[in-house]
Amino acid sequence: MANFEAECIERYFLAPGSTGPIASVYVADDDLLDIFGVDDLEQARKRLIQTLPHIDILKQRFSGDVAPRKGNAPDYVRILVFLCWMQTTKTRQPGDRDFRDDLLAKQLNEYFTGFPMNGLDLMWEHLREFLWREHRIELVLPENIPSHISRIGRTLQMAFPTWRHKVELRKARDLVPPERLLDPLTVANKIQTSKMRGDTMQSFVYNFGKFDDARKRGVREYMETPFWQAWYSIVAEQAALEDIEVAEGDFGEHELFRVSPLGDRVAISTPEQALKFIPKPLGKLVRNGIVFLESLGFGRYLAGTSPSNILLMKSSKLSECDPDAIRSVAGLNADWVVATFRKQVGGGSQAAGVPREFGWRDGIRVGGAYLGRTPLAPVITGPMPAAIRVEKNGKQIDMVRRDDGLSFKDGIHSGTFVARSNRENREILLVPRANEVGELRRLSFDFSREISEDEFHHETVPSLVSTVEEWSGNRVPPCEELVTIGEALYERTARGLSFSEAIEIVQRGMPADDRPSEWDLVRSFSDAGWLEMTLLRHFPVRRILQNPLMAERVDPDLVRISGPTPIAVLERLHAAAGAAGAKVETWHGPSKWALPRYTVRCADERVRRDFIERMAISEKPTPKLALAEVGDPDGVHGYQVIGRLDERHGFFAVRYDNKVADGLYRLERKESRNPFLYRSVIDGKPVKTFVSPSVAILAHQLRGRGPLFLHRHGILQAKRPRVLLPSSWARWVSDRALCNAAPGLSDGTWRYQYAIGASSLAAVSRLVPVEEHAAKGGTEWIDRFLASASNRGRAIHDSKSRSTRIARVMPAKR
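Figured I'd write up the structure that's included with this text.

What counts as what
- Residues numbered from 1 in each chain as written.
- Predicted model: local features only at pLDDT ≥ 70, side-chain atom pairs only at ≥ 80, totals over all residues.
- Heavy atoms only, no water.
- Helix = DSSP H or I, 4+ residues; strand = E, 2+ residues; numbered from the N terminus.
- Buried < 20%, exposed > 50% of the residue type's maximum accessible area, 1.4 Å probe, protein only.
- Contact = heavy atoms within 4.5 Å.
- Areas by Shrake-Rupley, 256 points an atom, 1.4 Å probe, with all protein chains shown as cover.
- Phe/Tyr/Trp six-rings, centres within 6.5 Å; stacked < 30°, edge-to-face > 60°.
- Lys NZ or Arg CZ within 6 Å of the ring centre and 35° of its normal.
- Salt bridge = Lys/Arg side-chain N within 4 Å of Asp/Glu carboxyl O.
- Pairing = 2+ DSSP bridges.
- Axes fitted to C-alpha atoms, helices over the stretch in contact; angles between N-to-C directions.
- Parallel < 35°, antiparallel > 145°, perpendicular 65-115°, else oblique.
- Nonpolar A, V, L, I, M, F, W, Y, C, P; charged D, E, K, R; others polar.
- Polar contact = N/O pair within 3.5 Å; in protein donor to acceptor, adjacent residues only side chain to side chain.

## Examining the overall build of the chain
Point 1. Each helix and strand in the chain was counted, giving 23 helices and 41 strands.
Point 2. The buried share among the 814 residues of the chain stands at 53%.
Point 3. Contacts in the chain between residues far apart in sequence, at least 24 positions, make up 63% of those at least 6 positions apart.
Point 4. Entry remark: accessible area of the chain is about 37,600 Å², with carbon and sulfur atoms responsible for 50%.

## Some words on the packing of aromatic side chains
Point 1. Within the structure shown, the criterion is met by 18 aromatic pairs.
Point 2. When the centroid spacing of 5.7 Å and the interplanar angle of 80° are considered together, the rings of F112 and F115 count as edge-to-face.
Point 3. Centre to centre, the rings of F709 and Y754 are 6.5 Å apart; their planes meet at 70°, and the pair counts as edge-to-face. In this pair, F709 sits in strand β35 (residues 709-712) while Y754 sits in strand β38 (residues 749-755), placing the two residues 45 residues apart along the sequence.
Point 4. Members of the aromatic cluster, each reached through a chain of ring pairs, are F160, F204, F208, F211, Y222, F227 and W228.
Point 5. A cation over an aromatic ring shows up here: R258 above the ring of F277, its NZ or CZ 3.7 Å from the ring centre.

## Concerning the pattern of salt bridges
Working definition: two side chains of opposite charge can pair if their charged atoms are close together.
Point 1. A complete count under the given rule lists 50 salt bridges for this structure.
Point 2. Across the salt bridge formed by R180 and D183, the nearest N and O atoms sit 2.8 Å from each other.
Point 3. Look at R180 and you get partly exposed, because its relative accessible area is 36%.
Point 4. The partner of R449 in a salt bridge is E450, with the nearest N and O atoms 3.4 Å apart.
Point 5. Using a relative accessible area of 28% as the deciding quantity, one classes R449 as partly exposed.
Point 6. Each member of the salt-bridge network shares a partner with another, and the members are E7, R11, D31, D34 and R495.

## What to know about the pairing of strand β25 (residues 558-562)
Point 1. Among the five residues that make up β25, five are buried, leaving the element largely enclosed by the rest of the structure.
Point 2. Neither face of β25 is left uncovered, since the one carrying L558, R560 and S562 and the one carrying V559 and I561 both have all their residues buried.
Point 3. As judged from the five bridges shared by strand β24 (residues 550-555) and β25, these two strands associate in the antiparallel manner. Bridge pairing in β25 places D555 opposite L558.
Point 4. Bridge analysis of β25 against strand β27 (residues 597-601) gives four bridges, and the strand direction is antiparallel. Its bridge partner lying in β27, I561 is registered against Y598.

## Let's talk about the packing of helix α10 (residues 184-192) against helix α12 (residues 226-235)
Point 1. Across the interface, α10 lies against α12 with an axial gap of 13 Å and an inter-helix angle of 95°. Between α10 and α12, the angle is such that the two are roughly perpendicular. Contacts between α10 and α12 involve P184, V187 and I191 from the former and F227, W228 and W231 from the latter.
Point 2. The residue makeup of the contact of α10 with α12, split by class, is six nonpolar, no polar and no charged.

## Concerning the environment of G17
Point 1. Checked against the element boundaries, G17 lands in helix α1 (residues 2-17).
Point 2. Not counting residues up to four positions away in its chain, the partners in contact with G17 are I22 and I137.

## A look at helix α6 (residues 99-108)
Point 1. Most of α6 is tucked away, with seven of its ten residues classed as buried.
Point 2. Regarding α6, the residues found buried are F99, R100, L103, L104, A105, Q107 and L108.
Point 3. Put simply, D98 is the residue that caps the front of α6, since its side-chain oxygen is 3.0 Å from the backbone nitrogen of R100.
Point 4. Following α6 by one or two positions, N109 has its phi on the positive side, about 55°.

## With respect to the sheet that holds strand β33 (residues 677-681)
Point 1. Within the open sheet, the five strands sit side by side as β31-β30-β32-β33-β34. Their pairing is antiparallel. Each edge of the open sheet carries a strand with a single partner, namely β31 (651-653) and β34 (688-690). Adjacent strand axes in the sheet meet at a mean angle of 35° when their direction is disregarded.
Point 2. Relative to strand β32 (residues 663-668), strand β30 (residues 640-646) runs antiparallel, the two sharing four bridges.

## A look at the side chain of T155
Point 1. The residue T155 is located in helix α8 (residues 153-158) in this model.
Point 2. The exposure class assigned to T155 is buried, which follows from its relative accessible area of 0%.
Point 3. Ignoring any residue separated from it by four or fewer positions in sequence, one finds T155 in contact with L83, Q87, F99, L120 and W124.

By themselves, these observations are geometric and do not establish any function.
This is the structure we're talking about:
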């Protein structure tokens, strides 16, 4: 209860009060879901009521019999927050208007007709005095209170948006042309020239002012204001304005979302689930089973009505098409696919895009600023790109011209930049790095909510030996693009990030050529311990979470750092090590796309303890020993097959040969929120079921025959598409060699590589079959002799290759 009280003070008074006076309290339903960590609003409502004092004490607070004492800290803020919320919640019935009989009585199941409410003003005035005395925050309380609501007037006027505010918004909505309902300038002008009716408009005026200030600052900050949220909910009562968005998955499948004009993304499993939220012309296409898709870039597509060669269509419609006209097909679910045709479908030319409004966009938000590292820095766009100029400190700076605007030149930019066009200004603040994420802000992995991408391999290792071993390969510093991508992913994954959005960030951050697969690069962040890739238990979508920073003692004088290490964390790492008398060591990876590893060299145990205390990081937990393949042997009920793994290309295809029974199948349970399942069927072996696609592919290939990995000169790489070590195993391999896995060039092709030492290789080979690369022109029996552990260090002359070859030497432990 005390924690909830502190949360209310921080969220609704201290945080907004840091930017100016407070004249309103906006308690959204989503706030309660976030605070109480639940998905159901009714459950959150019950939790909120449970935080309130007993009904007898609550009545004494309402009546003023128990008044706050002057000088004491408030212990009643949760009551005021509850009263503001009950006036604005979506659970409020439309006809409920009376504060005592309708709102309070129905929430608390108690009779309040004629009940005195003298204590409400006492609490508000005590809170105003406390905020000013302790925090120098001004709480503006309404002074003009009509006599008929004298006891509850301030509480009515502080809440937003109440039914009175919604009445005013509906009147304004009816005066705005339908095509301009979501134009912020039109809305601002209409509100400013409208006469406000009613007695409780203080919070309306206050929240509109916050919206108008945000609108004037440019970009899209106004969308986050309470006023715009309330305005959109009123507009949505009559107009269906949401879009359908398709995002590419990691193995060729796709995910489906409906996206509101506010930018909120809601995952859906079929286009039919969005029918009541989308415009009628688009809904007609959905009902007909053929929807045109417009490419937004970075693996994302927007549903529209203009002809296109990329279509979201029903499988039955696809079967009617000429196979020669189809370029590619990827499954969405059992009924819908995403198909690309060789020519445009529907005839005509693609409609020209509507000119974009003047403003900064496509940036990575860092607090109140944006990341200023190209190519992930924001761009300035507008209807007249040639008229745009950008200034810093009053001086014009050179920008790179694009089709629709201007982007910053390559490099790192920081400071305040102002874009000017046709007497309009758009200001933006850029910073060179991400902010360090504290434990309170970071959304941690919750086993009850998510399933790790590693599934049953999560937090398991091939061997319990964790000491460092030498790796003799070449180490390469990371490229600047990788550092930029790391800063962006670190900032965006603090509260969780969808996999498709992570792919988009990586695609934007990589160069146009000489680049590895974006899928492999995202995987390298997971294998480096920065991220945890998960699958939601109650919805078939993937989400990326950020791992905590941890330390592990591996030698008497060495501490190994695990977890994300962006620039801000590195600065603190060096500062804490220097203050403790320790030294930070940097270990680069096998390619420029590999994230570095860091260790801290300590002179003695006292220095090590001092360093750990200064960093305030936890010790890495003890892992469990891994098993090669587990899987679920139970049957699958209520699921149907929606795809089978194309082992040659490494994705789940919706069109395959039914004559072949063996394979790895992707299953979906209709009309449920269960995640997809993957079922391995091999003749002569028991059927196994998995939840993680990457684990399913590894296990399915493992249940077959032949080696899955190839080892050559200290590098381990897969021999088959999409076969990867579980991230927990890859992190253990990286811990031992101090070298992260990453894409690297092999015979002119980008392939995913693990830098691995000899003893680590032996442990991994116990779990998955590994083939040793034979030297070109070598003799077969000599290759077997050199691969034998008993012959390590011995030399032998190979007459075929005319060279003396030496068996690998077991490196000494550090």
